[in-house]
Amino acid sequence: MTAKPRPVPTPDTQFYWDRAAEEELWLPRCDAEGTVFWYPRDFCPSCGSRSVSWVRASGRGTLAAFVVNHTPHPSYAADGPYVIALVQLEEGPRLMTNILGVEPDPAQLPIGMPVEVVFEDRGEGLKVPQFRPVAA
Amino acid sequence: MSGLPDVVIVGAAESENVGVVPDQSQFQLAADSVLRALAQCGLGIGDVDGVASTLQVAQFAHHLGTRPRWLDGTGVGGCSYMLHVRHAVAAIQTGQADVVVVAHGESGRSRVGPTLRVPDMASPGGQFELTYGVAGTFSSFTIPTTAYLHKYGLGEEALAEVTAAQSAWASQNPRAFRGKSLTVDDVLASRIIAWPFHVLECCPVTDGGGALVLTSAERAADLDLTGPPVRVAGSGETCEGPGASFMEDLTTFRGFRDSSAEALRQADLTVADIDHLMVYDAYAHLPLYGLEDIGFVGRGEASAFIASGATRPGGSLPMNTNGGGLLYTHTGQYGMFAIQEAVRQLRGEAVVQVPDVRTSLIQGVGGMFSAAGALVLTTA
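Residues numbered from 1 in each chain as written. Chains lettered and ligands numbered in written order. Predicted model: local features only at pLDDT ≥ 70, side-chain atom pairs only at ≥ 80, totals over all residues. Heavy atoms only, no water.

What follows covers the overall build of chain B. Helix and strand counts for chain B come out as 13 helices and eleven strands. For chain B, buried positions account for 65% of its 380 residues. Put simply, of all contacts in chain B between residues at least 6 apart along the chain, 74% involve residues at least 24 apart. Here chain B displays about 12,700 Å² of accessible surface, and carbon together with sulfur accounts for 50% of that area. Averaging the coordinates of the 22 positive side-chain charges in chain B and doing the same for the 38 negative ones gives two points 3 Å apart. (Helix = DSSP H or I, 4+ residues; strand = E, 2+ residues; numbered from the N terminus. Buried < 20%, exposed > 50% of the residue type's maximum accessible area, 1.4 Å probe, protein only. Contact = heavy atoms within 4.5 Å. Areas by Shrake-Rupley, 256 points an atom, 1.4 Å probe, with all protein chains shown as cover. Lys, Arg positive; Asp, Glu negative; His and termini not counted. Charge placed at Lys NZ, Arg CZ, Asp CG, Glu CD.)

Below you can see the structure in the form of structure tokens.
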């Protein structure tokens, strides 16, 4: 079985993946503007400031968009249809993710549904931020 | 383009065969197209001093036998050819080149010749999209659509209408890869690829080539042309993010908005002046975004506009008149074929000809809501 995809961090994204390995979601922030941006860079893409830092995210957001993929990546083939989604975080950024812990049925995936982060262990020190519906 | 000399398309040809072409490499498909396009304007390889292509451009320029003084290897996906045309116009206007060929050849289906594409897991799209089981463009480019449908209270049939309307063109076109007449129900009954997208709402993957020859209107006047020259009246280009998840707004594409606005402004035209429209349609949501983002219809109105028959033969805004990427052909970087169809319509040579086309707008997208290029072409 093919292993699920492994992101290759770059120097400016290493912190994000290192924190994810500890099951924490952190986001890059521009100190000059006081705003969170996405994706991680060592400068702010809004104002160009090099003064950037990291803030820990709440891990909460809402479902912004999705597909139910019936034509899987080889490494996902054993999962059956799966959800590839965009989640709008409370802090502003929008992340791609799978939605775990839900039937891959559009009726179970209303746009705007509250979701929360979980971490999927892909082995060898890699954990990937994922999202699941917030328990009612 | 006030004060600058006009630049015209004097040659426009597709490869002899498009669709399934297992016996030709990408370079062969592209070179076949270039030779056919040059033959339309009485020019030879020795006249070409500018080459633009998504193929490795220095290799391909040598392969053709040219000794260019101008090269453009802009590779931003399927709209690259709109950008090549835009850049070629500037080059010809400023004297950097006299005769430019823009060439496409892609063995998307048969994979003959150099076709290496390795997903880069260190790129932003690799780290933050491909990590999540994105299996192809069908499971990524499509994602924003659910936000669009939700915002306007639309159902799956909004997408199916796009394919059904385009089948009214494709079913009259013997070169169309998918040449059947299709109803909305036919489309909705086809296999689900990535809900809400069915296979007939996703482009096929094909082989083919296409080429354009551009020169100044002044030079064109001295050439022996097989068809009337087509003027490049305006163009626009821009880019947004590295993938669909990085869009500024999931329900509208700034790339479409900005590039089309610039092309229309340059041409000194408005959407009301446009007789014919090509909107790059790798997937069925793109004509919905395109119609709204260019400004032909209001927000959320595109699927009703298409369902009304407005974009079908005899309608007020003929769109994707070759059948589009969804039904005609889609080699991977389809933009060249959209330009080819617009040129044919303006020359009066299309397989399914719209009467009296004097202006055409071609809207391209590259990558997945990443780059955009638009052209306004007119009769000379």
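After that view of the structure, there is still more to cover.
Within chain A, the secondary structure is distributed over one helix and eight strands. Scanning chain A from its N terminus toward the C terminus, one meets helices and strands in the order α-β-β-β-β-β-β-β-β. Scaling as 2.2 N^0.38, a compact globule of 136 residues should have a C-alpha radius of gyration of about 14 Å, and chain A matches this with 16 Å. With the C-alpha coordinates aligned to their principal axes, the bounding extent of chain A is approximately 45 × 35 × 25 Å. Within chain A, the proportion of its 136 residues that are buried is 44%. Restricting the contact set of chain A to residue pairs at least 6 apart, pairs at least 24 apart contribute 51%. (Rg over C-alpha atoms; globule rule 2.2 N^0.38 Å.)

Bringing the nonpolar core into the picture now. If you look at soluble globular proteins, the nonpolar side chains tend to sit buried side by side. Residue and element names in this part refer to chain B. Counting residues in hydrophobic clusters, the biggest one holds 139 residues, and the most contacted among them are L214, L291, I339 and L377. Discounting residues that sit within four places of it in the chain, I339 has contacts with Y81, M82, V85, L212, I362, L375 and L377. Membership of the second largest hydrophobic core comes to 26 residues, among which are A13, L43, L55 and L64. (Core = buried A, V, L, I, M, F, W, Y, C linked by side-chain atoms within 4.5 Å.)

A few words now on the environment of A65 of chain A. Structurally, A65 of chain A can be placed in strand β4 (residues 60–69). According to the relative accessible area criterion, A65 of chain A is buried, its value standing at 0%. For the pair formed by A65 of chain A and P45 of chain A, sequence separation is 20 residues and the distance between their alpha carbons is 24 Å. With residues near it in sequence (within four places) discarded, A65 of chain A still touches I84, A85, L86 and I111 of chain A together with I143, P144, T146, A147 and L250 of chain B.

A few words on the interface of chain A and chain B. In this complex, chain A contributes 36 residues to the contact, which on the side of chain B involves 34 residues. Summing both sides of the interface, chain A and chain B together bury roughly 2,800 Å²; the carbon and sulfur share of this comes to 67%. Three residues stand out in chain A for area buried against chain B, namely V67, R94 and M96 of chain A, and they jointly supply 24% of the buried area on that side. At the boundary of chain A and chain B, one finds zero salt bridges. A per-element tally of the side of chain A that touches chain B places β4 of chain A first, with six residues. Note: β4 of chain A against strand β5 (residues 192–195) of chain B, two bridges, orientation antiparallel. Each residue of the ladder has a partner; that of V68 of chain A, found in β5 of chain B, is W195 of chain B. (Buried area = accessible area lost by both parts, 1.4 Å probe. Salt bridge = Lys/Arg side-chain N within 4 Å of Asp/Glu carboxyl O. Pairing = 2+ DSSP bridges.)

This part covers the environment of T378 of chain B. Residue and element names in this part refer to chain B. The residue T378 is located in strand β11 (residues 371–379) in this model. Taking the C-alpha atoms as reference points, T378 and A233, separated by 145 residues in sequence, lie 6.4 Å from one another. Excluding anything up to four places from it in sequence, T378 contacts V230, R231, A233, L269, L346, R358 and T359.

Moving on: helix α2 (residues 57–64) of chain B. Residue and element names in this part refer to chain B. Looking at α2, one finds that the buried residues are V57, F60, A61 and L64. The buried residues of α2 occupy an angular sector of 100° when the element is viewed end-on, so they sit on one face. Lining the buried residues of α2 we find α1 (26–39), β2 (50–53), β3 (70–72) and β4 (100–107). Looking at where α2 begins, the residue whose side-chain oxygen comes 3.1 Å from the main-chain nitrogen of A58 is Q56. (Arc of directions from axis to C-beta. Polar contact = N/O pair within 3.5 Å; in protein donor to acceptor, adjacent residues only side chain to side chain.)

Residue and element names in this part refer to chain A. An order of β2-β1-β3 is seen for the three strands of this open sheet, with the pairing classed as antiparallel. Two strands close off the open sheet at either side, each with one partner strand: β2 (35–36) and β3 (52–56). With five bridges connecting them, strand β1 (residues 26–30) and β3 associate as antiparallel partners. Within β3, the position partnered with C30 by the bridge is V52.

In this section: the domain arrangement of chain A. Residue and element names in this part refer to chain A. We note that the domain assignment places domain 1 (8–56) and domain 2 (58–136) within chain A. Across the contact, twelve residues belong to domain 1 and 15 residues belong to domain 2. Between domain 1 and domain 2, the buried area comes to about 1,100 Å², and carbon and sulfur atoms account for 74% of it. The largest per-residue losses of area from domain 1 upon contact with domain 2 belong to E23, L25 and W38, which jointly make up 43% of the total buried on that side. Across the contact surface, domain 1 and domain 2 share one salt bridge. (Domains from an automatic or database assignment.)

Once that is clear, we can look at the packing of aromatic side chains. All names here are of chain B. Scanning the model with the defined rule gives 22 aromatic pairs over all chains in all. Ring centres 5.2 Å apart and planes at 40° place the aromatic pair Y289 and F369 in the tilted group. Here Y289 is found in helix α10 (residues 285–294), whereas its partner F369 is found in the loop between β10 (359–366) and β11, with 80 residues between them in sequence. Taken individually, Y289 and F369 each receive the classification buried, so the pair is uniform in this respect. Members of the aromatic cluster, connected to one another through ring pairs, are F141, Y148, Y152, F197, F253, F256, Y283, Y289 and F369. (Phe/Tyr/Trp six-rings, centres within 6.5 Å; stacked < 30°, edge-to-face > 60°.)

Next up on the list: the pattern of salt bridges. Taken as a whole and judged by the stated rule, the model has 24 salt bridges over all chains. Residue D79 of chain A pairs with K4 of chain A through a salt bridge whose shortest N-O separation is 2.8 Å. One end of the pair, D79 of chain A, is in the loop between β4 and β5 (82–89); the other, K4 of chain A, is in the segment before α1 (14–21), and 75 residues separate them in sequence. Note on D79 of chain A: relative accessible area 42%, which makes it partly exposed. Since its relative accessible area comes to 23%, K4 of chain A is described here as partly exposed. With a shortest N-O distance of 3.1 Å, R86 of chain B and E262 of chain B are connected by a salt bridge. Of this pair, R86 of chain B sits in helix α3 (residues 80–93) while E262 of chain B sits in helix α9 (residues 254–267), placing them 176 residues apart in sequence. What makes R86 of chain B buried here is its relative accessible area of 18%. Residue classification places E262 of chain B among the partly exposed residues on the basis of a relative accessible area of 26%. Linked through salt bridges whose partners overlap, the residues forming this network are E14, R175, E341 and R344 of chain B.

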